[in-house]
Every structure is written in C-alpha cells, then in structure tokens.
Amino acid sequence: MLQIEDALVSLDILERYFMCDLDACHGECCIEGDAGAPITSGEYEKLQELTPAVWDYLTPAAQRVLEEQGPAYYDEDGDLVTSIVDGRDCVFTTYGPGGMCYCALERLYREGGSDFYKPISCHLYPARLRELPGGITAVNYHRWKVCAAAEVAGRAKGVRAYQFLREPLVRRFGQKWYDELAAAAEAWLARNEA
C-alpha cells in the first residue's frame, strides 16, 4: 500500500495494466454482478433528479423497476446500490448495436444534458473504494474475469490502472492528489522494475 494524503492505494493500482476494451467486453460490468453499483446518498438524489431525463433511453423493464422501487436499494450488506433489472442489469443500462452496453447517465452527460457523469464507483472501476476508520479511504484494485481483455489491452498499450483512471481519480480526490500519486507511482515502478 502507498499512502497519499488520507488514502491508502493498493500497489496493484500502480503496477497492473488496464485499459477498457468495450469491443471485447461489450460493457459487461453494467450487467454482471450480484448487486447494483455502490452509490452515495448524494448520488441517489442526483439519480432521482435525472431519471426523467434518461427515461426514454431505458428499456421497458428498467422503467418498471424505477416505477416500483426507484433508482436504488439497500443490498444484503446494507450498502446503497443502483437498482437492477432481472437480477443483473443496472437499471441505467442501455443497449447499442451488437448488444453493446452503455450507461444512460453517461450518455446524457456526453450529449450535454447533465453535469453528472455517472456514479463515482462506476467511473472509478476497476478501483474500489472502502472507507476505513480514522477518515482513511482504501483504494483497491478489483480483478474480475469480465475485465481480462482490459488487462491485455492495457499491457499492449503500456497503460497502468492509475493512468487509465486519471479522470475519475481527479474527480474523487483532486488534481494535486493525483499528481502526487502519479509521481509516487513512477518512482515506485522505476525502483521495482529496474
């Protein structure tokens, strides 16, 4: 682990190669798993606010879930997570040609209809955050077979996970924090891969 301010960063974030390859995985992270994406209470309010704006992007099944349960629920661990459809799809999943999955919230953002990109847990993936006692945040690397192609693509392009995650890490922790992480990562890699 590497400490940057009040965050403990897993060395896997520095060492592992990662770069999403949507052509290979088709956005499977939006539809696989045992629960929805973790969200904060502030994000829950934002999802409620934005649901009408993304309504027409969503499947009829997702619209029914939103009408019955809303955009989120508490999972078996007591975490607030996005609602899911048929036990798998995030309620905000949309489908494109060839079964490619997209986030309706991200689509709205990219079209200029919102200033909210998507929940930070989605944006940060494959990094997972965990709040520890004393105001410390653990930043861990989550390995999942769904993302095997992303590890291959990252290695082929020479992109480490922390580099791929620059934008969401800056969004969550700030530019100064990220700059410190990048400098520490470069020093760590130079020392340990020489």
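The coordinates are above.
All residue numbers here refer to positions counted from 1 along the written sequence of the relevant chain. Under the rules for a predicted model, residues below a pLDDT of 70 receive no local features and side-chain atom pairs below 80 are neither given nor counted, while totals for whole chains, interfaces and linings still include all residues. Excluded from the side-chain calculations are hydrogens and water; all other atoms, namely the structure's heavy atoms, are used.

Bringing the overall build of the protein chain into the picture now. Strands here mean DSSP runs of E at least two residues long; helices mean DSSP runs of H or I at least four residues long; both are numbered from the N terminus. A count of helical and extended segments in the protein chain gives 10 helices and 10 strands. Only the C-alpha atoms count toward the radius of gyration. The rule for a globule is 2.2 Å times the residue count to the power 0.38. Taking 16 Å as the expected radius of gyration for a compact globule of 194 residues, we find that the protein chain reaches 17 Å, a close match to that expectation. Along the longest, intermediate and shortest principal axes, the C-alpha atoms of the protein chain span 55 × 40 × 35 Å. Classification of the 194 residues of the protein chain by burial places 45% in the buried group. Only heavy atoms enter the contact rule, under which two residues are in contact if any of them lie within 4.5 Å. Pairs at least 24 residues apart make up 65% of the contacts formed inside the protein chain by residues separated by at least 6 positions. Per-residue and other accessible areas were derived by the Shrake-Rupley procedure at a 1.4 Å probe size, with only the shown protein chains allowed to occlude residues. Counting only carbon and sulfur atoms, one obtains 49% of the accessible surface of the protein chain, whose full area is about 10,500 Å². Note on charges: Lys and Arg go in the positive column, Asp and Glu in the negative column, and His and the chain ends are not counted at all. Think of each charge as sitting on NZ of Lys, CZ of Arg, CG of Asp or CD of Glu. Distance from the positive charge centre (19 side chains) to the negative charge centre (31 side chains) of the protein chain: 6 Å. Buried means the residue's accessible area, taken with a 1.4 Å probe over protein chains only, is under 20% of the maximum for its type, while exposed means over 50%, and partly exposed covers the values in between.

The subject of this paragraph is the packing of aromatic side chains. In this scheme Phe, Tyr and Trp rings, the latter by its six-membered ring, pair at centre separations within 6.5 Å, and the angle between planes marks the pair as stacked below 30 degrees, edge-to-face above 60, and tilted otherwise. Under the counting rule described, the total for this entry stands at four aromatic pairs. Ring centres of Y109 and Y117 lie 5.1 Å apart, and the angle between their planes is 85°; on these two criteria the pair is classed as edge-to-face. For Y117, a relative accessible area of 11% corresponds to the buried category. The interplanar angle of 20° and the centroid separation of 4.2 Å between the aromatic rings of F173 and W177 together place this pair among those described as stacked. On the basis of relative accessible area, W177 is assigned to the buried category, the value being 2%.

Our focus in this paragraph is the nonpolar core. Among the nonpolar cores identified, the biggest contains 28 residues, and Y162, L169, W177, Y178 and L181 are the most heavily contacted of them. Elements with a minimum of two residues in this core: β1 (2-4), β2 (7-9), α1 (11-15), α6 (120-124), β10 (136-141), α8 (161-164), α9 (166-173) and α10 (175-192). No other element matches α10, which puts six residues into this core. W177 has contacts with I4, E5, A7, V9 and L169, leaving out every residue within four places of it along the chain. Take the buried residues of types Ala, Val, Leu, Ile, Met, Phe, Trp, Tyr and Cys, join any two whose side-chain atoms come within 4.5 Å, and each joined set is a nonpolar core.

Buried within helix α4 (residues 60-69) are the following residues: A62, Q63, V65 and L66. One face of α4 carries all of its buried residues, which in axial projection span an arc of 160°. For α4, exposure combined with an orientation more than 90 degrees from the buried face picks out P60, E67 and E68. Check the buried side of α4 and you find it contacts α3 (41-54) and β5 (84-85). Phi for G70, located one or two positions after α4, is positive at around 90°. What the arc covers is the set of directions going from the helix axis to the C-beta atoms.

Whether two strands pair depends on DSSP finding at least two bridges between them. If you trace the four strands from one edge of the open sheet to the other, you get β1-β2-β10-β9, paired in mixed fashion. In the strand order of this sheet, the two ends are held by β1 and β9 (127-132), each with one partner. This sheet shows a mean twist of 25° between the axes of neighbouring strands, independent of strand direction. As paired strands, β1 and β2 are joined by three bridges and run antiparallel to one another. Bridging from a neighbouring strand, Q3 pairs with L8 of β2. Think of each axis as a best-fit line through the C-alpha atoms, taken over the contacting stretch in the case of a helix, with angles from 0 to 180 degrees between the N-to-C directions.

Keep in mind these values describe shape, not function.
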